[in-house]
Amino acid sequence: MGARGLYVGRRAAALLAALLLALLAALLALAALYGRCRQEEPPSPRPPRPSPTAPRLTAPPGPAPAAASDRRLPRNLLPLHYDLELWPQVRPGQAGPFAFSGQVNITVHCLQDTDAALLHSSGLRSHGAAVVRGPLSEKGAVVEVAGLRMDAASEVAVLELRGRLLAGRRYVLQLGFQGRLEEDLDGLFLTRYTDQGLSSMLIASQLEPTYARTVYPCFDEPAMKATFNIRIVHDPSYVALSNMPAIDISEMKDENGSLWTVTKFNTSLKMSTYLTAFVVCDFDYVTRTERGNEIRIWARKEAVKSGYVDYALNVTGPIFSFLEDLLNVSYPLPKTDLVALPDFGAGAMENWGLMTFHESSLMYRPSDKFTSRKAMIAIIVSHELGHQWFGNLVTMNWWNDLWLNEGLASYFEYLGAIIVEPTLSLDKIFYDHVVQPVLREDNERGVRSLSQTEEKIKGSFSLISLFDSITYSKGASITWMLSGFLTEKLFIRALTSYLKEFSFSNANQDDLWIHIQMVVDAQNEVQLPASVKQIMDSWTCQNGFPVLTLNLTTGTISQEQFLNKKNENRTDSYTNTWIIPISWMRNGSSQPLMWLDKSSKVFPEMQVSESEYDWVLLNVNLNGYYRVNYDQLNLKRLACLLENDPKAIPAVSRFQLIDDVFALTQFGYIQIETALELTKYLAREDELFIWNMVLSNLVPENLESTLKNYEVYPLLKKYLLKRMLPIYHYYAGFIRENVDALEDDYFAQVYLEKLFATACWLGLQDCLNLSSELYAKWMDNPEYKIPFLIRRTVCCYGVAVGSDKEWNFAWEMYNRTDSTKEDKDILLSAMSCAKESWLLYRYGKELLHDVLKVMGRFVNTDVQIQELQAFYNATLEEDERVATTVLLELTKIENMERRELLIEVAKWLQKNLDD
């Protein structure tokens, strides 16, 4: 979820710096020179059927026995319907503190006799007497309430009864409640913003995973679905939104005679509590109708007037229609609201009929000609729309199968985005943004499996931790693999069957496997080596992933879990095996899919001849979630092929091949020299996403200063620049002559910065000159816009090759009131690029609080560590200095260990500079 702002004082800044150094030391310990140093966050920074009219009277799946979390509710009561009133007591301009109150009447079906009713409640106070009406078949009947007890630790409210609720009967639980309206972005929250120059407030909600209980007492578990009648009392100057269309707007007066508006909404479909949503705001909207679905995009008035949400409006309808047609399941709601919130911690949330977004995830300036911004919006919107089927229509039984929501939505987000942005390359973006980053994370012993047992999911903290790259990206990756070996036609047919069976209900992953198996059994085209459950459980119920080792002489492929062989303290053994689909090609020709269903297996088809032109490539286009370790014979042939005809290997496979060898180097499977051999061809590589991966391995950002202080730098400079010049000059021409021509080049917009930053770091004079020219143009005319594709690089090297004049200009622009947060981040980093030590000292003194954001730049070399130690000696208290000294010493140790690897790299470069 999104970061939140924090102002710190001098002493607090120093403490924060110490914590940051601890983080950096840990990262350095984990990241060897050739590791991919990258932070991934879901672009949605990061998405329920029996009949909707006839509620099922069977109990939803109960908690696992014994070790289940004490937050789970007993299954003696099944909620059927909520009548919910919310009254946030907020007036425009009000100073606070703020509160809300409400009333909830929950119709329940009793499944087992009980003398207590338990439901979730957290942070709420009781307001008025609790009442239990019923059995409803007996007119006027009530069950006397002996008391209402709140158990804060388990977030449960207990209605203790003097009588009993009888199995098979229906009752209504009536509770009044009050709560505080905070600005914390969870539950029901208030946020402040500026619109058209005026300060404003709005109220919104974020209830996933377990925040509904902080807004109203409820059965706050995903399988305990019900219908909702919602009404919101609010100030007349605001509009109220919820999941369903408003059907009535009236007025009421409070006890002081003040006027309030009451907005009543239509009855919802059957859904989980975490999907209920509320917004009270003074926004404008734009609207269109797609197949009877009224789509409205709500945002600040000035944003709507400026056309910033028009793009989101234009893509939402077509993506909806694409998903409806693909899945053959209609969207069941009559309206869809998308709200752009000025501040929102979740990034985006798929609430049924009322999706909420951080406004940065939904707004696009019409003057911005470039694709990357539109692509990001299309991907995030598509993710949340995918949830309307996977998560809302069909919901996982419990959070241990969260990937059924997030993994499937993360898969479909790219399919939907390509529909509205057809210039995007689906496979390249998916592998670059999804598969490769999660492969880099899913290789430590402590990483969990994709699907967990319920016993392991305990408490709301554990639930929050499930919203990670394993759930999103690994879930999407194994879905991509599944679709690949089934064929998309069969996969979609199975999903349609799954959606129709469990609409307005809940499912677990075994339910999905059953429906896929049904489709597989009904045809003869695709044959599998085992049941769908056996195959897929090997990927979802085990942690990590395999590395395949191929011996071309014997045709033997073996598998083992991909783990760090350099970890000398590793004593535990791993026997995980997977049932692995192997897509492959031989000498450029695609071959039939093979399966590895044991730890080792001989494939005679993969034995090669003595000809140097006889080669094999596994996992073509990265269709499988694994890495490949080739023998030296095949690697030499592939390296030769890349030098002579790189296009003979598909772009995504080139990406995978090189990324695999660097990962194998990092984890001790092969020597660094083997990986470097595959970089010789790079002068003929014209794909930026491949160059970005290579440079991120060869020149990780957090090691730039370290590299420059060792003998490897001049060798790396000569070796890399020789290969970078063709692609550098190709793009430099666009920067100088017609940068707008790159408006549809997605990867140029995303990765050109890394290419140019590396060229300048290597001292390419043309790059340094270009940076100076563009920076000087900006100094001459502050309204001039440096091309955003390389703006950070231009600012950094404009300062680096300049004097105090360039640094002072950056400082002046940094302090301008109209500078955006992005402007400040870029300029803050640029000022640290100064070569003069006195400017760096000034940087540290004048930007003590902000300098923490780029502290990593100062902790790479022994000299810099000494300088940083001196800086902290002057700013920290005695006890803090001791802790910081320890952390800096750890970093120095890491530098010593890194020198050994750099020596190996230097030796190889010395031998291969002229190749």
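Details of the structure are given in the entry above.
About the thresholds
Residues numbered from 1 in each chain as written. Predicted model: local features only at pLDDT ≥ 70, side-chain atom pairs only at ≥ 80, totals over all residues. Heavy atoms only, no water. Helix = DSSP H or I, 4+ residues; strand = E, 2+ residues; numbered from the N terminus. Buried < 20%, exposed > 50% of the residue type's maximum accessible area, 1.4 Å probe, protein only. Areas by Shrake-Rupley, 256 points an atom, 1.4 Å probe, with all protein chains shown as cover. Salt bridge = Lys/Arg side-chain N within 4 Å of Asp/Glu carboxyl O. Expected span 1.5 Å × (residues − 1). Pairing = 2+ DSSP bridges. Axes fitted to C-alpha atoms, helices over the stretch in contact; angles between N-to-C directions. Contact = heavy atoms within 4.5 Å. Parallel < 35°, antiparallel > 145°, perpendicular 65-115°, else oblique. Left-handed = near helix turned anticlockwise from the far one by under 90°. Phe/Tyr/Trp six-rings, centres within 6.5 Å; stacked < 30°, edge-to-face > 60°. Lys NZ or Arg CZ within 6 Å of the ring centre and 35° of its normal. Disulfide = S-S within 2.5 Å. Polar contact = N/O pair within 3.5 Å; in protein donor to acceptor, adjacent residues only side chain to side chain. Nonpolar A, V, L, I, M, F, W, Y, C, P; charged D, E, K, R; others polar.

### Details of the overall build of the chain
Looking only at helices and strands, the chain has 25 helices and 30 strands in total. Expressed as a percentage of its 915 residues, the buried residues of the chain come to 60%. For the chain, the exposed area adds up to about 35900 Å²; of that, 50% sits on carbon and sulfur atoms.

### What about the pattern of salt bridges?
Counted under the stated rule, the structure contains 38 salt bridges. Glu 155 is the salt-bridge partner of Arg 213, the closest N and O atoms lying 2.8 Å from each other. Taken as a pair, Arg 213 in the loop between strand S11 (198-206) and strand S12 (227-234) and Glu 155 in the loop between strand S7 (145-151) and strand S8 (156-165) lie far apart in primary sequence, 58 residues in all. Among the residues examined, Glu 155 registers a relative accessible area of 13% and is labelled buried. Here the salt bridges share partners, and the residues they tie into one network are Arg 72, Arg 75, Glu 221 and Glu 454.

### With respect to helix H3 (residues 310-327)
Between its first and last C-alpha atoms H3 spans 27 Å; for 18 residues at 1.5 Å apiece the expected length is 26 Å, and the two agree. Burial within H3 is extensive, with 13 of its 18 residues counted as buried. Looking one or two places after H3, you find Asn 328, whose phi comes out positive at around 60 degrees.

### What about the sheet that holds strand S30 (residues 627-630)?
Reading across the sheet, the four strands line up as S28-S25-S24-S30 and stay open at both edges, with mixed pairing between neighbours. Only two strands of the sheet have a single neighbouring strand rather than two, namely strand S28 (600-602) and S30. Going from strand to strand, the sheet's axes swing by 20 degrees on average, the running direction of each strand aside. On the sheet, helix H13 (residues 651-666) packs against strand S24 (546-551) and S30 and is oriented at approximately 80 degrees with respect to S30.

### Digging into the packing of helix H19 (residues 765-780) against helix H21 (residues 804-814)
One way to put it is that H19 packs onto H21 with a least axis distance of 11 Å and a crossing angle of 55 degrees. Relative to H21, the element H19 lies oblique. Pair H19 / H21 crosses with left-handed handedness. Across the interface between the two elements, Tyr 775, Trp 778 and Met 779 of H19 pack against Lys 805, Glu 806, Phe 809, Ala 810 and Met 813 of H21.

### A closer look at unusual backbone geometry
Of the consecutive residues Gly 134 and Pro 135, the connecting peptide bond is found in the cis state with omega at 5 degrees. Along the chain, the position of Pro 135 falls in the loop between strand S5 (131-133) and strand S6 (142-143). With an omega of 0 degrees, the peptide bond between Glu 208 and Pro 209 qualifies as cis. Along the chain, Pro 209 falls in the loop between S11 and S12.

### Focus: the packing of aromatic side chains
What the rule picks out here adds up to 46 aromatic pairs. Aromatic side chains Trp 399 and Phe 467 sit 6.3 Å apart centroid to centroid with 50 degrees between the ring planes, which places their arrangement in the tilted category. Taken together, the residues span a long stretch of sequence, with Trp 399 in the loop between strand S22 (395-396) and helix H5 (403-420) and Phe 467 in the loop between helix H7 (459-465) and helix H8 (469-486) at a distance of 68 residues. Among the aromatic residues, those joined into a cluster by ring pairs are Phe 390, Tyr 411, Phe 412, Tyr 414, Phe 430, Tyr 431, Trp 480 and Phe 491. Sitting over the face of the ring of Trp 398, Arg 72 holds its NZ or CZ atom 3.6 Å from the ring centroid. Here the guanidinium or amino end of Arg 296 rests over the ring plane of Tyr 285, the centre of that ring lying 5.4 Å away.

### With respect to the pairing of strand S9 (residues 170-181)
Each regular strand shows side chains that alternate between the opposite faces of the sheet. Taking burial as the measure, the twelve residues of S9 include nine buried ones, the bulk of the element. Where strand S2 (residues 98-110) meets S9, twelve bridges bridge the pair, whose relative direction is antiparallel. Bridging from a neighbouring strand, Ser 101 pairs with Gln 178 of S9. Bridging between strand S4 (residues 125-126) and S9 involves two bridges; their strand directions are antiparallel. By the bridge assignment, Arg 125 is partnered in S9 with Gln 178. In this structure, S5 lies alongside S9, joined through three bridges in antiparallel fashion. Bridge pairing links Val 131 to Gln 174 in S9.

### Comments concerning the sheet that holds strand S26 (residues 580-586)
Strand order in the open sheet made by the three strands is S27-S26-S29, with antiparallel pairing throughout. Each having just a single partner strand, strand S27 (589-596) and strand S29 (616-618) make up the two edges of the open sheet. Taking each pair of neighbouring strands and ignoring which way they run, the sheet shows an average axis angle of 25 degrees. As defined by bridge partners, S26 adjoins S27 across six bridges and the pair is classed as antiparallel.

### Overview of the state of the cysteines
Enumeration according to the criterion identifies two disulfides in this entry. The disulfide bridge from Cys 760 ends at Cys 767, spanning 2.0 Å between sulfur atoms. In this structure the cystine formed by Cys 760 and Cys 767 twists about its S-S bond by roughly -90 degrees; its chirality is therefore left-handed. Cys 767 gets classed as buried once you look at its relative accessible area, which sits at 1%. Between Cys 796 and Cys 833 runs a disulfide, and the two sulfur atoms are separated by 2.0 Å. Every disulfide takes its handedness from the sign of the S-S torsion; for Cys 796 and Cys 833 that torsion is -105 degrees, giving left-handed.

### Here's the deal with the environment of Glu 753
Among the structural elements, Glu 753 can be located in helix H18 (residues 746-761). In the structure, Glu 753 is positioned 61 residues away from Asn 692 in sequence and 9.4 Å away in space, judged by C-alpha atoms. The contact partners of Glu 753, leaving out residues within four places of it in the chain, are Phe 788, Leu 789, Ile 790, Arg 791, Arg 792 and Thr 793. For Glu 753, the side chain forms a polar contact with the main-chain nitrogen of Arg 792, separated by 3.3 Å.

### Considerations on the packing of H19 against helix H20 (residues 791-800)
With their axes 8 Å apart at the nearest point, H19 and H20 run at an angle of 95 degrees to one another. Between H19 and H20, the angle is such that the two are roughly perpendicular. On H20, the residues that touch Leu 768, Ser 771, Leu 774, Tyr 775 and Trp 778 of H19 are Thr 793, Val 794, Cys 795, Tyr 797, Gly 798 and Val 799. A breakdown of the residues in the contact of H19 with H20 according to their chemical character gives eight nonpolar, three polar and no charged.

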